[in-house]
Every structure is written in C-alpha cells, then in structure tokens.
Amino acid sequence: MEFRQVTAFLAVAEELHFGRAAERLHIAQPALSQMIRALEKDLDVDLFERTTRRVRLTPAGEALLEPAAAIGTQVDGARRIARAAQQGLAGRVRIGFGGTSGYSILSRLAREVGERHPGISLDLQPQMYCGEAAIALRDGETDLAIISPPVPAGVEVHVIRQESVMIAMPSGHELAERESVSMGELAGQPFISYAPSHGSQVREVMMRLADDAGFLPQVVQEAPDPYSLLALVGAQVGMAVVVESSDHIRIDGVRYVRLAEGGDSFTLALGWRRNNPSEALARVLDIVRELFPSPITT
C-alpha cells in the first residue's frame, strides 16, 4: 500500500465521486481510477460499489476508512515536524554545563526557549565542567556548552561575563566575620574542591591564586557538584573557592567572604561547534545573544 493510494482512497471516500475527487487531487480521473483499482488488487477486496449513478463504500471500504484517515494524519504530522525542524522550530539541542553559574544561565535559557519555541527540546547534561564541556563540544557529544576560553579549534564562543570568585567557609571559622580575606591568609587551611578530572575553571583559579600567594592548597576532600561542595563546607570539613554567583545558595553553617584577589578570575561563555548544521541550535543561539549580551568581543 502506497501513501498516494491512501490519499486517493480518502478523497473518493469523502467525495463519493471520482470526478470531484480527481479534481481535488489535481490528477486525471483515469489515473485516480487506476490507483483505486491497484489498491483494491493489493488488498484483494472491493472498496467501492460503482454504478453509473453513484459511488459508495463497501463494508471493506468502511473498515479501511478509519485506519486510512489515521495514516493521513500521521503523515501530515510528520511533514509539519520535518518542515519545523528545517526552519529550526523543532529539534533537540544537547547542552553541557556545570557549577552554579551554569544552573543560573540554563534556567533562564530553558524558560525562554520553552516559551518561544516549544518544539525545541533542550537535553540538559549537568555536572559537565568547562574542560569536559569543551571536549564534548569538540567531539560532537553536545551542541552547546558553558565553557571558558581558550577553546578547541572549530568552537565558537559567546562571552557572557567575567566571573569572580570568593571564599565559602564554615560560619564558625575565625575568618568568617571578616569583610574580605587575601589568598595568602588561607595558607595551611583545609580546602574542598572539584576533582581535577572535571576541568573545573574554579579549581584552576584556586590553584593559580594559591600559587601566586606562595603555597599549594591542602585539598582534604573533592566534591562532584556545587551543592555537595557547600554541604561539606557547612559540615566544617574545610573551605572552598566558589564563584560569586553561589551567594544565593543558602546552606546552614556556610558564610561567604570576599576574596581580595578574586575579581574577574575567568571568562564565562557559551560555546558551540562552528560547523554544526542544526537549525534548532541557531534558534537557541539567537535567544542566547538576546538574553546575555556579550560584554566583550573575543
């Protein structure tokens, strides 16, 4: 059974007149009659009773009417989906992100995409820090990711902002009531951080600032995500370098203190492969540029 035969059957079934059905389908009446005969031969049934005065459905034709209509609806739906995908109005965009900055950015973006383009599905892949996310972009495992320049060849970026860091420390710590601390004052303190395998920019900033201050941080425990990290701080396991956007996360026993050297520690950006042909991604990027105007050009 071919779809054109189904279309021909439905037209004749609705019109109950071969001439009007042929006109509706913009084909010659003999061609329409030939398609119906071919369908009847394929099914080994008579679908219509034909006389010189009228055309009507046989019981077999009546039985075929509902499934044929369902096939037509499904094919029309498939056509609409395909056209929408070609126009970028439907599709799937895989997004890698990690850290509190990633959660705040992606929550805004997901809401806006959902309102403007409900046919676009965002496949969010959390706990993917900048280094991992850049590699996933390069390898085609994601379409869009929160990363920090420099980036692999072939990856475009849209800079969102310069990210600053601060210190999260147990509220009972002797430095917790200070307005600010310098990194040098934290030498010898226990630190909690992300695993080096994550490619976390925050960990790299911690190591760089500590090196500038003349010490190697004593990392006593590693955490898989920001919420686990802050929970460990609240449990007085140690202190942690965190992005300033973490200050909206309120956890008992955690106090945030400004870090004197923490300003503009790294660049936060959204990245994508330059040769990605996805029209859905192009639509999402239009929203990205509107929601997060780039403060600088890279």
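Reading guide: rules and limits
Residues numbered from 1 in each chain as written. Predicted model: local features only at pLDDT ≥ 70, side-chain atom pairs only at ≥ 80, totals over all residues. Heavy atoms only, no water. Salt bridge = Lys/Arg side-chain N within 4 Å of Asp/Glu carboxyl O. Pairing = 2+ DSSP bridges. Helix = DSSP H or I, 4+ residues; strand = E, 2+ residues; numbered from the N terminus. Contact = heavy atoms within 4.5 Å. Axes fitted to C-alpha atoms, helices over the stretch in contact; angles between N-to-C directions. Domains from an automatic or database assignment. Parallel < 35°, antiparallel > 145°, perpendicular 65-115°, else oblique. Left-handed = near helix turned anticlockwise from the far one by under 90°. Nonpolar A, V, L, I, M, F, W, Y, C, P; charged D, E, K, R; others polar. Buried < 20%, exposed > 50% of the residue type's maximum accessible area, 1.4 Å probe, protein only. Polar contact = N/O pair within 3.5 Å; in protein donor to acceptor, adjacent residues only side chain to side chain.

**Q** Explain the pattern of salt bridges to me, please; I cannot follow it from the model alone.
**A** Any two side chains of opposite charge can pair, on the condition that their charged atoms come close. Going through the model one piece at a time under the given rule, you end up with 15 salt bridges. Note that glutamate 49 is salt-bridged to arginine 56, the shortest N-O span being 2.8 Å. We note a salt bridge from aspartate 139 to arginine 138, for which the minimum N-O separation is 2.9 Å.

**Q** What's the story with the sheet that holds strand β12 (residues 254–259) in this structure? I'm lost.
**A** Adjacent strands of a sheet form backbone hydrogen bonds with each other and so pair up, either parallel or antiparallel. A sheet is described by the order of its strands in space; here four strands give the open sequence β8-β12-β7-β11, paired in mixed fashion. Looking at which strands have only one partner, the edges of the open sheet turn out to be β8 (180–181) and β11 (240–243). Sheet topology places β8 next to β12; two bridges connect them, and they run parallel. The residue of β12 that forms the bridge with serine 180 is arginine 258. With respect to the sheet, helix α7 (residues 201–212) is in contact with β7 (165–170), β11 and β12, its orientation differing from that of β11 by roughly 125°.

**Q** Please explain the domain arrangement of the protein chain as it appears in this structure.
**A** It is common to report an interface's size as the accessible area lost on association of the parts. Taken domain by domain, the protein chain comprises domain 1 (3–87), domain 2 (91–160 + 267–291) and domain 3 (163–264). Each of domain 1 and domain 3 has a C-alpha centre, and these two points are 70 Å apart.

**Q** Would you take a moment to explain the packing of helix α1 (residues 3–15) against helix α2 (residues 18–25) for this structure?
**A** With their axes 8 Å apart at the nearest point, α1 and α2 run at an angle of 130° to one another. Classified by the angle between their axes, α1 and α2 sit oblique to one another. Once α1 is placed against α2, the crossing between them reads as right-handed. Residues Thr7, Ala8, Ala11, Val12, Glu14 and Glu15 of α1 touch α2, and the partners they reach there are Phe18, Arg20, Ala21, Arg24 and Leu25. Here the contact of α1 with α2 is built from residues that sort into six nonpolar, one polar and four charged.

**Q** What is the right way to look at the side chain of aspartate 143 in this model?
**A** Here aspartate 143 is to be found in the loop between α6 (130–138) and β5 (144–147). With a relative accessible area of 6%, aspartate 143 lands in the buried category. Within the local environment of aspartate 143, its side chain forms a polar contact with the backbone nitrogen of arginine 94, the two atoms lying 2.8 Å apart. Within the structure, aspartate 143 has its side chain in polar contact with the side chain of asparagine 276 (distance 3.2 Å).

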